[in-house]
Amino acid sequence: MELYLDTADVAAVKRLARILPLQGVTTNPSIVARAGVKLWDLLPALQDAMNGEGKLFAQVVAVNAAEMAREAELLTQRVPGVVVKIPVTEEGLAAMKILKPSGIALLGTAVYGAAQGLMAALAGAEYVAPYVNRLDAQGGDGVATVRALQQLLTLHAPQAKVLAASFRTPQQALGCLLAGCESITLPLDVAGQLLNTPAVAAAVDGFGREWHQAFGTHSL
């Protein structure tokens, strides 16, 4: 399993990289724009926050195939090892086919259907990112889509991985993992919900309180 954070918050990445078994950080144009930090400054800062380890994902902004390919090449030149995110549109699929011989690592993003995700994998994407919560918000079933996509990739494009994205709750993320998804990327609020369960804190406080009452110390 691969666990990523979906954020441009460098301080949060540094804090959580100490705690979680992170494989890296995913970003997109909206996340970067909200952070207000230029991409060329942000990506090295995120890498530093992970102690120079882990994968970074950055997305092209262009909307036609030739420009998408040019931006993908620029990203890999400026940030070696970056995984380039390309929306799975008609132009995005064409860009993936252009880039496939170059060996640039690609992620097909903005996936709303299993067949759409399969096309991205066949076009050359190493990762495919279905939008789970956005599917749910539109009346669909995000986890079911992830399950179907995972089955399709296993059968027809085993070199590609589902990297499920767009979560509102931990239950959505766990549902994807139970559906066989190999990778997920979590927004900070969902990662926080996974880590901070009130019942756990209450139990730990109880252990410490009773130990102190019995032995007068908070250590062994």
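In the nomenclature of an unreviewed UniProt entry, the protein chain is known as Transaldolase of Cronobacter dublinensis 1210. Note on the protein chain: under the UniProt heading Subcellular location (unreviewed entry), the record states "Cytoplasm".

Engineer: Hey, could you run me through the side chain of Thr7 in this one?
Structural biologist: The residue Thr7 is located in the loop between strand E1 (2–6) and helix H1 (10–17) in this model. When its relative accessible area of 7% is taken as the criterion, Thr7 is described as buried. Polar side-chain contacts of Thr7 include one of 3.0 Å to the backbone nitrogen of Asp9. The contact partners of Thr7, leaving out residues within four places of it in the chain, are Val13, Val25, Thr26, Thr27, Ile31, Leu46 and Leu188.

Engineer: Teacher, can you tell me more about the pairing of strand E7 (residues 161–164) here?
Structural biologist: Both faces of the sheet carry side chains from a regular strand, because those side chains alternate between them. Alignment of strand E6 (residues 127–130) against E7, held across two bridges, turns out to be parallel. Counted as the bridge partner of Val128 is Val162 from E7. For E7 and strand E8 (residues 183–186), the ladder comprises two bridges, and the chain directions are parallel. What sits directly across from Leu163, in E8, is Ser183. Following the chain from E7 across helix H9 (residues 170–178) to the adjacent parallel E8, one finds a crossover that is right-handed.

Engineer: I keep staring at unusual backbone geometry and nothing clicks. Help me out?
Structural biologist: Most of the time, phi is negative for any residue but glycine, and the peptide bond is trans. With phi around 60 degrees, Ala110 is a residue other than glycine that occupies positive phi space. Here Ala110 is to be found in strand E5 (residues 106–111). A positive phi angle, close to 65 degrees, is found at Ser166, a residue other than glycine. Position of Ser166 among the secondary structure elements: in the loop between E7 and H9. Exposure remark for Ser166: the relative accessible area of 16% places this residue in the buried category.

Engineer: What's the story with a nonpolar patch on the surface in this structure? I'm lost.
Structural biologist: A contiguous nonpolar surface patch, about 330 Å² in accessible area, is contributed by Ile19, Leu174, Leu194 and Leu195. With respect to the secondary-structure elements, Leu195 resides in helix H10 (residues 188–195). On the basis of relative accessible area, Leu195 is assigned to the partly exposed category, the value being 38%.

Engineer: I would appreciate a short explanation of the packing of H1 against helix H3 (residues 39–49) in the present structure.
Structural biologist: Relative orientation and spacing of two packed helices are given, respectively, by the angle between their axes and the distance between those axes. Between H1 and H3, the least distance of the axes is 8 Å, while the angle of their chain directions is 20 degrees. The angle between the axes of H1 and H3 places the two elements in the roughly parallel class. As for the relative orientation of H1 and H3, their crossing is right-handed in sense. The segment H1 lies against H3, with Val10, Val13, Lys14 and Ala17 engaging Leu42, Ala45, Leu46 and Ala49. Of the residues in the contact of H1 with H3, the class split is seven nonpolar, no polar and one charged.

Engineer: Any chance you could explain the environment of Leu177 here in plain terms?
Structural biologist: Relative to the helices and strands, Leu177 is located in helix H9. Once the C-alpha coordinates of Leu177 and Trp40 are considered, the two residues, 137 residues apart in sequence, prove to be 32 Å apart.

Engineer: I'm lost on the environment of Gln151 in this one. Help?
Structural biologist: Structurally, Gln151 can be placed in helix H8 (residues 142–156). Separated by 30 residues in sequence, Gln151 and Cys181 place their C-alpha atoms 9.5 Å apart.

The rules behind these values
- Residues numbered from 1 in each chain as written.
- Predicted model: local features only at pLDDT ≥ 70, side-chain atom pairs only at ≥ 80, totals over all residues.
- Heavy atoms only, no water.
- UniProt positions renumbered as here; feature names shortened; annotations may be inferred.
- Helix = DSSP H or I, 4+ residues; strand = E, 2+ residues; numbered from the N terminus.
- Buried < 20%, exposed > 50% of the residue type's maximum accessible area, 1.4 Å probe, protein only.
- Polar contact = N/O pair within 3.5 Å; in protein donor to acceptor, adjacent residues only side chain to side chain.
- Contact = heavy atoms within 4.5 Å.
- Pairing = 2+ DSSP bridges.
- Right-handed = clockwise from strand over helix to strand, strands pointing away.
- Patch = residues over 30% accessible without salt bridge, like charges linked within 9 Å, V, L, I, M, F, W, Y side chains within 5 Å.
- Areas by Shrake-Rupley, 256 points an atom, 1.4 Å probe, with all protein chains shown as cover.
- Salt bridge = Lys/Arg side-chain N within 4 Å of Asp/Glu carboxyl O.
- Axes fitted to C-alpha atoms, helices over the stretch in contact; angles between N-to-C directions.
- Parallel < 35°, antiparallel > 145°, perpendicular 65-115°, else oblique.
- Left-handed = near helix turned anticlockwise from the far one by under 90°.
- Nonpolar A, V, L, I, M, F, W, Y, C, P; charged D, E, K, R; others polar.

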